[in-house]
Every structure is written in structure tokens, then in C-alpha cells.
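Okay, here's what each chain looks like letter by letter:
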Amino acid sequence: MDATVSSSQIPSVFTRPSVSPVDPVWDDAFSRVESYLRAHRVESRELLNRLAADIIREARLAAHDAATPADPVALAMRVTHERIGAWFAHAWNKGTWAHERDRAQGRLALVMADLPGRWSNHFLSTEAIPSELVTGMAGFSLQAGPELRFSNMPPAPLEFGPDETDPHRQDKSRWVLARAALSWVMIVGLVSAATAASLWSLR
Amino acid sequence: MKVQTFDPAALDPREASRRRTRSMGLVAILAVPAILTMADLHVRTGFDGWKFVHLLLFTILFGLVALGSAQTLIGFFVRRRGVDPCRIEASLDPAENERVLHARTAVVMPICNEDVPRVIEGLRVMYESLERTGKLTHSDFFLLSDSTDPNRWIQEEAMWLALTQELGAHGRIFYRKRRVGINKKAGNLADFCRRWAKHYRYMVVLDADSVMTGESIVSLVRLMERNQQVGIIQGVPQLVNGETVLARLQQFASRLYGPVSAVGLNYWQLGEANYWGHNAIIRLAPFVQHCSLPELPGDGPFGGRILSHDYVEAALMRRAGWQVWLATGLSGNYEEGPPNVVDLAGRDRRWLQGNLQHTRLIFARGFHAVNRLHFILGILSYLASPLWLAFLVVSTAIAYRLRTGAGSGPVLSPWTEYAHWSYQSQALWLFAITMGMLFLPKIVSLVDLIGKPEEVASFGGWRKLLAGVAIETVLFTLLAPVLMLFHTTFIVLTLCRQKVTWGAQRRGRAGQSVPMETIYAHGSHTLVGLGAAVLVYRIDPLFAAWMSPILAGLILSIPVSFFTGSLQIGLALRAKGLLQTPEEAQPAVELARLEERLAIREKGLRPLPELAGNYGLLQAVIDPYINAVHVSLLRTKEDLPSPSEETFAALRQTLLRNGPDALTAKERMALLMDAHSMAVLHDELWASPTDRLAEWWRLSLQHYTRLAPAPQTAFSL
């Protein structure tokens, strides 16, 4: 029996969408795009799947049209960034998505507008973006500290030994010395008296 | 009705002199009879060089014990008479309590590689508490990081931003990370002062484990506003949140004995109090002008940068004419203690070197005599350990000499003849006096509770309170010789110029004793204890019996240390209501909220063990949001010279192709500090085909993968 099946024998339900066997490199690209979107806290399976499939379709077209072969993962991520950039242009109407630092700035705007917590299902949506999200992104600022107002803080001087510039030094030092001497005389006297009394008893 | 308030500015200097004379007089009254009795004992058996050294050491050590006892006695009598009129809290007119304060205040928390969830949750409860008061509208919070551990650093950034978002506190809670942590905590605070001190009138300084209620912060600001000549007010923090046996012992002891002693301390300190480095408020203008720490002349353990900054800052503030007060009655002021003996010793190691360095400052010009006394007492608090060890060694030598017939047999002195004292009974009396002096603060603090049934009930009632005192006394008696050996070793190491590392305190489950660490830390103590036991027993079995508490502490140091660091036993004691404190019985709203928040954090997922070592780097590179926050917080540099960029590019490639372990810690840190590299790494990693990434990154990416692993069946093979 012939094991091969001709295309005419396949039921029409399987032929309508053009499905080709899975290419592992595009599978890897799909998985990467999906993971990247999920890293933006998009948790809806339906949305993730739709977005990733759409991006991969566009990337495959781009690969087909490209003069030189490009790596599918890199290509798919480039398309992803373009898609995010376009969404940003639509939502934020500000900045550019061309450079790494700009993209980082854009992602920061998403955090500050609480996209991960509240608006993840609107990420890359082509429909109207909630005004609260747009306002949050437009008005964001990451303030790690107040405005700098520098103070001069010179090290406190430390000096050792007697203060030669103090006019009262002589008087003060005499008084301090006298008090110290008197205290020591009292202490030594007490100890001596006790010692002498004990020694006297040993005679 | 106008309430009579205390005005610290009008405090008569003669009152301070009178109080100090009384305090020192009481120390003399307590110490001199014991010292004379010891001298007499030595004279009766023939005075010699050994006994002279012995007497000298006894005088210093007994003097210190007497100082503590005198302070507690004074505190007791002051409390019995009501309240001390000369206390900073008495300067406030209660009628003004409802007034909203407009003084701009910065609440600053310097941190270095601390447990980030604990730090963030501590900030949260303080912020919420302050917000609830509604009275301090012009206050900002600062998290001042010197963390060098990339994991902690990235976690700090992410959790700080999440906190500000949750609390809606953008522009009210700030985060600053220093690239180079020059001069440790003092340098960290000085950096804050240089950048932002002009915005604020006051700075409330916290430790990483501090919790201060909003009311407490407001009270401190109010006190500063009322007393314009005061530069620093130090609160007396209560130890809380202890879970291990040692942490609970410390908080029980400090809660029971601390309040009486603190009143006694304030009695003689008055406007020349000390600053303990945290849970205090500082007037910023004079602090910036007068309290920047100078370098000490010379290098080595006594020169160079000042390590223990707080005492010196208090002395400099006082030198500039500003008063420093201790607020003994301020409630809602908390901190945490070390969870086990090894951590306690580690903390002491850091403090010890700083305090020893103050030796030079005792003789610096211009400091107030009381500040010099603070320096001396700070030094002696650690120097007492080698002095005690020397005392024990000399005692052993004297016992040996007496045993071998050196010196004369005991004779009667007129005094002992009059008192009908035999040599043995005189020695026993001296021992009893010494023990009495050691236990006096405990006894006085217990007596202070008589007639205060509510306070007694908050400790669990008399039965549990006394049981707690017994447990605390036995365990601290056994631990005292261990700490003596630790401190002595640390002093020797410091003098040998061995550097001190500043690690973060472990908390919770992480704070439990680790068996191998305990054995390693106390193995030498056990050997010293065994050797000393054999030696003193051979000299005189009776002398060995006298020394038995010390010898037992050393010989049993490993099990005792392990036991006191046990979380399970600590929690079991808590369940039985033993070592209970009022804060534990009825925690403040802030402490309860902190516990609740930390329990939620505890439930969070932990990274895979393979990834945990570089989890901060992982998040900073992979996560789109954490990467964005991290890049935004890094200082933007001008375009790097081409060789530097090439070096960074090579490091980035190595990191992606070979994983983080292919780079040194310094190289990983260099990448984390370079904003351009971090932004590029994020894009490059996500755009790299899987087969070109290191296995470590492939595993990391699985965090974000939607698919569960394929089912493991016979067909999977």
C-alpha cells in the first residue's frame, strides 16, 4: 500500500490556512517574542499568542524579502521593537525607539504609568489607549533625589596639645591642675591610709 | 492652663556639676569599700608586684561595674520621685501638640548590603505611620545605599520604585546609590549632607533595622523646634522582633533594665549626652558646619579615617556650642539585635576598632569633659575584656604562689580583727559584694516594677518575669567569658592592623546559628576553657570551683552559642510567654504591620539555586522594567573613549556567550555601573539565538517562558 498521501486526499478543512511544517528556528523566534512580551507582564494567553503570531508573520515576510539571510530570532525581535516603537508613537507621542537608551526610557515610562500592574492587556493594542495610561506615560518622571543644592562640609579641625592662642589658658590650666592634684591627693591618701593601717597590723 | 516646662537653654551649669558630683560620689561609695577590702586581703598575705597589678585591675573593673550600678540606682530613685525635671521631653508644652510642623525634615536610612525586603518594609511602615499623624507635611525619606552586592543593589532599586508606586510617594521617598562607598556610614551621611542638606532643617537618622513611629518622629522635630540650641536628640530604641534565643534575651534584658538605667544616664549627661548613630534627630546646619569628620593623624588602628563616627559627631557638635540630649521617655522607637553570638561578636568587632580609635580624641583640644568621658567609657567597654582576662590570669598566678608558699599566711589587720573576719570570710564578703554589685541593676529594675501591675503583666506576670531574669542571668553569665575572649582577640587583631569587614546583620531564619560556623568560632574558646580548667584544678580545686562559672562558659561555648542562636527554641520560649517584653505582648501598630508585610514577602518565590548567585545581574539584564529603572538611575556618561567601549563590548560578549561566572566580580560590577552596556545587553540578550547564549542565560530566559516543560513520559526519552 502506498504510504504517501496526495494533497487532493487531504480534507479541505486542513488546507484553508497555509500551514507549513514547523521550522525550529522560527519556533525559537516565536518563543522568544512571546517570552519578551510576557516579560512586559502581558499574561493573557490569547493576547500573547495573537501578538507573537502577528510579529512572527511580519518577521517571516521580512526574511523572505531580505536580500541577505537574517537570523529569525534577531529579525523577530527587531520587528517586536518596531511594533513597540509604533505603539509608543501612538500612545505617548513622544521620544524615539531607535536606540537602546530611548527604549529603556520608554520602558521606564511604562513602569511609571503602572502598565505592568494595571494596563498590561492594553500593551501593543491598536485600539484606543486608556487616557489614564497615556497621561501616566506622558507625565512620568523618575525622581531619585531632590534637586542638588551642594553644601560645603569641610572637615572639622582637630588639634592636640595646649591651645597657645587662648589668653585664659594659664589661669584655666592652673585651676584644672590644682583640682586634679587635689583629687589625686585624696585618692592616694585614702588608699595609703588603708594600706598603712593594714601594714601597721602586720607589725 | 500654662504648664511649667523645662528650658534646657536656661539650665544652670551648677546643677549639672552637682548631678555629676553626686553620680561620681555614688560610684566612689560603691567602689571604694570593695577596693579597700581587696587591698586589705592582699596586705594580709603579703603585698607584692602581682597583687599590686591585681588590685589595679580590680579597681578599674570594679569601678566600671559600680558606674553601671550607680547609674541604675540614681535612675531608680529619680523614677520613684516621679520624673526628672531636667529631661528634654519636659521642654514641650502639651498644648502645642496639635500644631502642624513645617520644618523640612529628611528621614535618612543609610544601608550597605542589608536584607532589602526588611529595609523596604521598615520604610513603608514608617512612611505610613508618619502620614497618619498628618502633622509633618514637609518630610522626605531617603534610602542611602552603599551596597556592593549586585543582587542587593538591583533589588533595592526595584523594591524602592515599587514602594514609591504603591504608596504614591514619588518625590517623597528617594533612593541614592554611591558608586564608591568612601568612609563607610559616616561618608554615606556626609554625601547626603553635601548634596541635599540645604533643603532640610533636620535629619532623622535611622539604621537598616530601625523602626520609628510617626508620632516619635514628630515629637523629635517638635523638641528640636522648641529648643533652638539643641543640635542632636538621641532616642533610646527598644530592641524588638527578636526570634532566636539570643535576640529575645537581649530585648528582654534591655527592655527590663534599660529604662531605669537610661534615666540614670540622663541624670548626669544632661546637655552633653552622646549620639549612638541612629534613631536620633540632628540639626543639619550646625552638623554640616561643624561635624564633618577629620582624619586622625597617622595610619593604622588609631589613625586615618574615623570609623565610629557617632561619639565624635556628638563631641564636635558640643564643641561648637550645641547641646546634645538623650530623650529617655520617647516611645515608638525600635531597633533589632543580632540573632546569634557569632553575629554579635562580628558587630562588636566593628564597633571595637572604632572605639579604640577614640583614644587619640580623648586628648584633642576643645572637647567637653563629658565627651572625653564618653570616649573613655566607650574604649573601656571593650578594653574591659582583656583587663578581665588579665585579672583572671593574675588571680591564678596569685593562687599558685599562695599554694606554693610564696608570701605569708593570712594575718589579721585591725579592721578585720574588729569585724571578726577570718581571711576566708573576708574573701567571701568581697565575693558577695562583687556579685551584689553585678546583680544590683537587675534587682533595682525588678524593685522598680513593684506597684506597677500593668507593666508586670506586660512582661507576662511576676512568675514569667522572674523566670526570664533567671534564664537571662544564667545564659549571659555563660556567654560573658566567651565575649571576653572574642573582644581580647579582636583587640589583638586590631593592634596587628588586620582590617575589619562591614557585613550586614542576618535576620529571621537566616540569623539562626550554623553548626560549622559555631564550631569554627568557638573551638578555640572550648580548648582555652579545658586547658584553664585543668590548670586551675591542679593549682587548687577550691579555686577551680570559684572559677567554675567562667570555665563552664568557655567549655560549653559551642552548645551554648548554638542553643542561643536557635530559632525554634526562641519561638518556643515566646509561645510559652518566657522572655516576653511589652512590645511583644502588645506590639505597636507599626511593628504588627511590619510583621504582616514581611510574612507576605516571605511567601514570594525564590530564584532557582543555579541563578541565585547572580540574580541581580539577571534581572537587570533580562527584565525590561528592572533594566529600564537600573539604566535610568545610572549616571549618564559622555561618550566613552573608544578603547573603553571596546573593553565593555568584549565584556558584554563574554557575559552573554559564557555566562556571568566567566567574568570577575569586578568586571560584572563594571558592566552593571555602565548605563550604555546595560541598555545594550538587554537588547542583545533578547535578540540572540538560543544556541549562541550561555546555558546560564538559557535557564534564565525560562523564567519568562509561557510553556510548561514537556510531559515526562516514556515517549520523551
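Computed from a predicted model, the values in this text were never measured in an experiment.

(A) Geometry of the overall build of chain B. If you tally the helices and strands in chain B, you get 28 helices and 10 strands. What you see for chain B is a C-alpha radius of gyration of 29 Å, in line with the 27 Å of a compact globule of 717 residues. Scored against the burial criterion, the 717 residues of chain B give a buried share of 47%. Here the contacts in chain B between residues at least 6 apart in sequence split such that 85% fall between residues at least 24 apart.

(B) Looking closely at the overall build of chain A. A tally of regular secondary structure across chain A gives 7 helices and 0 strands. Mapped from its N terminus to its C terminus, chain A presents α and β elements in the order α-α-α-α-α-α-α. Buried positions account for 23% of the 203 residues belonging to chain A. In chain A, 51% of the contacts between residues at least 6 apart in sequence involve partners at least 24 apart.

(C) Expanded view of the sheet that holds strand E5 (residues 211-212) of chain B. Residue and element names in this part refer to chain B. Spatially, the 3 strands line up as an open sheet ordered E5-E10-E7, and their pairing is mixed. With one partner strand each, in any of the chains shown, E5 and strand E7 (238-239) form the two edges of the open sheet. Bridging between E7 and strand E10 (residues 333-335) involves 2 bridges; their strand directions are parallel. Bridging across to E10, Gln238 finds its partner in Tyr334.

(D) Region of the structure containing the pairing of strand E1 (residues 105-111) of chain B. Residues and elements named next belong to chain B. Burial of E1 is extensive: 7 of the 7 residues sit out of reach of the surface. Judged by which residues are buried, E1 turns out to be covered on both faces: Thr105, Val107, Met109 and Ile111 on one side and Ala106, Val108 and Pro110 on the other are all buried. With 7 bridges joining them, E1 and strand E2 (residues 139-145) adopt parallel strand pairing. If you follow Val107 over to E2, its bridge partner there is Phe141. In this fold, the crossover linking E1 to E2 by way of helix H3 (residues 116-133) has right-handed handedness. Relative to strand E4 (residues 202-205), E1 runs parallel, the two sharing 4 bridges. By the bridge assignment, Ala106 is partnered in E4 with Met203.

(E) Here's a closer look at the nonpolar core. Membership of the largest hydrophobic core comes to 217 residues, with the highest contact counts inside it found for Val33(A), Ala76(A), Val108(B), Met109(B), Leu123(B) and Ile233(B). A total of 14 residues in this core trace back to one element, the largest contributor, which is helix H7 (residues 245-269) of chain B. Once residues within four sequence positions are removed from consideration, Val33(A) is found in contact with Ala52(A), Ile55(A), Ile56(A), Ala76(A), Met77(A) and Thr80(A).

(F) Up close: the domain arrangement of chain B. By the assigned domains, chain B splits into domain 1 (1-96 + 211-604) and domain 2 (611-705). When each unit is reduced to the centre of its C-alpha atoms, the spacing between domain 1 of chain B and domain 2 of chain B is 48 Å.

(G) A look at the sheet that holds strand E8 (residues 280-283) of chain B. All names here are of chain B. Read across the open sheet, the 7 strands follow the order E3-E2-E1-E4-E8-E6-E9; overall the sheet is mixed. In this open sheet, the two edge strands, each paired with only one partner strand, are strand E3 (173-177) and strand E9 (323-327). Here the average twist between neighbouring strands, direction ignored, is 20°. Contacting E1, E2 and E4, helix H5 (residues 184-196) runs over the sheet at an angle of about 145° to E1. Strands in contact with helix H6 (residues 214-226) are E1, E4, strand E6 (230-235), E8 and E9; relative to E6, the strand with the most contacts, it is inclined by about 155°.

(H) Inspection of unusual backbone geometry at higher detail. Within the chain, Asp114(A) stands out as a residue other than glycine whose phi angle is a positive 60°. Relative to the elements of secondary structure, Asp114(A) occurs in the loop between helix H4 (100-112) and helix H5 (115-119). Given 16 C-beta atoms within a 10 Å radius, Asp114(A) is considered partly exposed. Although it is not a glycine, Leu270(B) sits at a positive phi angle of roughly 50°.

(I) Main features of the packing of helix H1 (residues 24-39) of chain A against helix H2 (residues 45-65) of chain A. Residues and elements named next belong to chain A. Look at H1 against H2: their axes get within 9 Å of each other, and the N-to-C directions meet at 135°. On the basis of the axis angle, H1 is oblique to H2. The handedness of the crossing between H1 and H2 comes out as right-handed. Between H1 and H2, the residues in contact are Trp26, Ala29, Phe30, Val33, Glu34, Leu37 and Arg38 and Leu48, Leu51, Ala52, Ile55, Ile56, Ala59 and Arg60, respectively. Of the residues belonging to the contact of H1 with H2, the class tally is 11 nonpolar, no polar and 3 charged.

(J) Just the interface of chain A and chain B, in detail. Taken together, the contact pairs 49 residues of chain A with 59 residues of chain B. At the level of secondary structure, the elements contributing two or more residues to the side of chain A that touches chain B comprise H1, helix H3 (72-91), H4 and helix H7 (169-202) of chain A. Within the side of chain A that touches chain B, the residues separate by chemical class into 28 nonpolar, 9 polar and 12 charged.

(K) The arrangement of the environment of Asn188(B) in detail. All names here are of chain B. One can find Asn188 in helix H5. Judged by C-beta crowding, with 21 C-beta atoms within 10 Å, Asn188 ranks as buried. Residues Asn188 and Ala34, 154 residues apart in the sequence, show an inter-C-alpha distance of 47 Å. Not counting the four nearest positions on each side in its chain, Asn188 is found in contact with Pro110, Leu144, Asp146, Arg178 and Gly181.

(L) Just the packing of helix H4 (residues 150-167) of chain B against helix H24 (residues 624-633) of chain B, in detail. Residues and elements named next belong to chain B. The geometry of H4 relative to H24 is characterised by a closest axis approach of 10 Å and an angle of 100° between their N-to-C directions. Taken together, the axes of H4 and H24 are roughly perpendicular relative to one another. On H24, the residues that touch Ile154, Glu157, Ala158 and Leu161 of H4 are Ile626, Val629, His630 and Leu633. Its residues assigned to classes, the contact of H4 with H24 shows 6 nonpolar, 1 polar and 1 charged.

(M) Focus on the pairing of E4(B). All names here are of chain B. Residue alternation in E4 divides its side chains into two sets, Tyr202 and Val204 and Met203 and Val205, and both sets are buried. Where E4 meets E8, 4 bridges bridge the pair, whose relative direction is antiparallel. Note that in E8 the partner of Val205 across the bridge is Ala280.

(N) Inspection of H7(B) at higher detail. Residue and element names in this part refer to chain B. At Gly258, H7 shows its strongest bend, of approximately 50°, with the proline Pro259 following within four residues. Within H7, 24 of the 25 residues are buried, which leaves the element mostly enclosed by the surrounding structure. Two residues or fewer past H7, Leu270 is found with a positive phi of approximately 50°.

(O) Looking closely at H24(B). For H24(B), the buried fraction is high: 9 of the 10 residues fall into the buried class. Among all positions of H24(B), only Pro624(B), Tyr625(B), Ile626(B), Asn627(B), Ala628(B), Val629(B), His630(B), Val631(B) and Ser632(B) are buried. Against the buried residues of H24(B) lie H1, H4 and H5 of chain A together with H4, helix H23 (615-622) and helix H27 (675-687) of chain B.

(P) Examining the environment of Tyr382(B) more closely. All names here are of chain B. Take Tyr382: it is sitting in helix H11 (residues 369-403). Considered as a pair, Tyr382 and Leu483 are 101 residues apart in the sequence and their alpha carbons are 9.7 Å apart. Ignoring sequence-local partners within four residues, the contact set of Tyr382 consists of Leu352, Asn355, Leu356, His487 and Ile491.

(Q) Highlighting the environment of Arg45(A). Residue placement: Arg45(A) occurs in helix H2. Considered as a pair, Arg45(A) and Ser183(A) are 138 residues apart in the sequence and their alpha carbons are 86 Å apart.

Reading the values: rules and limits
- Residues numbered from 1 in each chain as written.
- Chains lettered and ligands numbered in written order.
- Predicted model: local features only at pLDDT ≥ 70, side-chain atom pairs only at ≥ 80, totals over all residues.
- Helix = DSSP H or I, 4+ residues; strand = E, 2+ residues; numbered from the N terminus.
- Rg over C-alpha atoms; globule rule 2.2 N^0.38 Å.
- Buried ≥ 20, exposed ≤ 12 C-beta atoms within 10 Å, placed from the backbone.
- Contact = placed C-beta atoms within 7 Å.
- Pairing = 2+ DSSP bridges.
- Right-handed = clockwise from strand over helix to strand, strands pointing away.
- Core = buried A, V, L, I, M, F, W, Y, C linked by C-beta atoms within 7 Å.
- Domains from an automatic or database assignment.
- Axes fitted to C-alpha atoms, helices over the stretch in contact; angles between N-to-C directions.
- Parallel < 35°, antiparallel > 145°, perpendicular 65-115°, else oblique.
- Left-handed = near helix turned anticlockwise from the far one by under 90°.
- Nonpolar A, V, L, I, M, F, W, Y, C, P; charged D, E, K, R; others polar.
- Bend = angle between axes of the 7 residues up to and from the residue.

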